[in-house]
Amino acid sequence: MEREKMIQDLHQQIEDLARLHIQHGLYHSEGFRMQKERVRNTIRENNVNVRKELDPQINLLYRRYFE
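It should be emphasised that the depicted structure is a prediction, and the values quoted were computed from it without experimental measurement. (Residues numbered from 1 in each chain as written. Predicted model: local features only at pLDDT ≥ 70, side-chain atom pairs only at ≥ 80, totals over all residues. Heavy atoms only, no water.)

### Some details on the pattern of salt bridges
If you walk through the whole model with that rule in mind, you get 7 salt bridges. Arginine 3 serves as the salt-bridge partner of glutamate 53, at 2.8 Å between the closest nitrogen and oxygen. On the criterion of sequence distance, the pair formed by glutamate 53 in helix H3 (residues 50-53) and arginine 3 in helix H1 (residues 2-22) is long-range, its members being 50 residues apart. Looking at glutamate 53, the relative accessible area reads 25%, which means it is partly exposed. (Salt bridge = Lys/Arg side-chain N within 4 Å of Asp/Glu carboxyl O. Helix = DSSP H or I, 4+ residues; strand = E, 2+ residues; numbered from the N terminus. Buried < 20%, exposed > 50% of the residue type's maximum accessible area, 1.4 Å probe, protein only.)

Here it is as structure tokens:
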């Protein structure tokens, strides 16, 4: 259950990142950079296998911003 909550939070963080870029045009802002860093830290600290554990739509967003 705890892992599922962490994955849901990660999904929300990645969606927030996309929202900053797409809806608000803040791709080069400090907030965007900080949000990317939060996502990276969450993935690293929790050993998330993004290909297996993220929903397909969220995985596409992840790949857009991190690969």
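Right, picking up where we left off after that structure.
### Let's talk about the packing of aromatic side chains
Counted by the stated rule, this structure contains 2 aromatic pairs. When the centroid spacing of 5.8 Å and the interplanar angle of 70° are considered together, the rings of phenylalanine 32 and tyrosine 65 count as edge-to-face. One end of the pair, phenylalanine 32, is in helix H2 (residues 30-45); the other, tyrosine 65, is in helix H4 (residues 56-66), with 33 residues separating them in the sequence. What makes phenylalanine 32 buried here is its relative accessible area of 4%. Classification of tyrosine 65 by relative accessible area gives buried; the value is 7%. (Phe/Tyr/Trp six-rings, centres within 6.5 Å; stacked < 30°, edge-to-face > 60°.)

### Concerning the nonpolar core
What tends to happen in soluble globular proteins is that the nonpolar side chains get buried as a cluster. The biggest cluster of nonpolar side chains holds 17 residues, and the ones touching the most others in it are Leu10, Ile14, Ile43, Val48, Leu54, Tyr62 and Tyr65. Elements represented by at least two residues in this core include exactly H1, H2 and H4. A per-element tally of this core places H1 first, with 6 residues. Apart from the residues lying within four places of it in its own chain, the contact partners of isoleucine 14 are Val39, Leu54, Ile58, Leu61 and Tyr62. (Core = buried A, V, L, I, M, F, W, Y, C linked by side-chain atoms within 4.5 Å. Contact = heavy atoms within 4.5 Å.)

### Describing H2
Helix length check: H2, at 16 residues, gives a terminal C-alpha distance of 22 Å against a target of 22 Å (1.5 Å per residue), a fit within 8%. Considered for burial, the residues of H2 that qualify are Phe32, Gln35, Lys36, Val39, Thr42 and Ile43. The arc enclosing the buried residues of H2, seen along the axis, measures out at 125°, which places them on a common side. Exposed and facing more than 90 degrees away from the buried side of H2 are Arg44 and Glu45. Just past H2, the residue asparagine 47 takes up positive phi, approximately 50°. (Expected span 1.5 Å × (residues − 1). Arc of directions from axis to C-beta.)

### A closer look at the packing of H1 against H2
Helix packing for two helices is described by the angle between their axes and how far apart those axes are. In contact at an axis separation of 10 Å, H1 and H2 are set at 160° when each is read in the N-to-C sense. By the angle between their directions, the pair H1 and H2 is classed as roughly antiparallel. Crossing of H1 over H2 shows left-handed handedness. Where H1 abuts H2, its residues Met6, Leu10, Gln13, Ile14, Asp16, Leu17, Leu20 and His21 lie against Gly31, Phe32, Gln35, Lys36, Arg38, Val39, Thr42 and Ile43. Along the lines of polarity and charge, the residues of the contact of H1 with H2 split into 8 nonpolar, 5 polar and 3 charged. (Axes fitted to C-alpha atoms, helices over the stretch in contact; angles between N-to-C directions. Parallel < 35°, antiparallel > 145°, perpendicular 65-115°, else oblique. Left-handed = near helix turned anticlockwise from the far one by under 90°. Nonpolar A, V, L, I, M, F, W, Y, C, P; charged D, E, K, R; others polar.)

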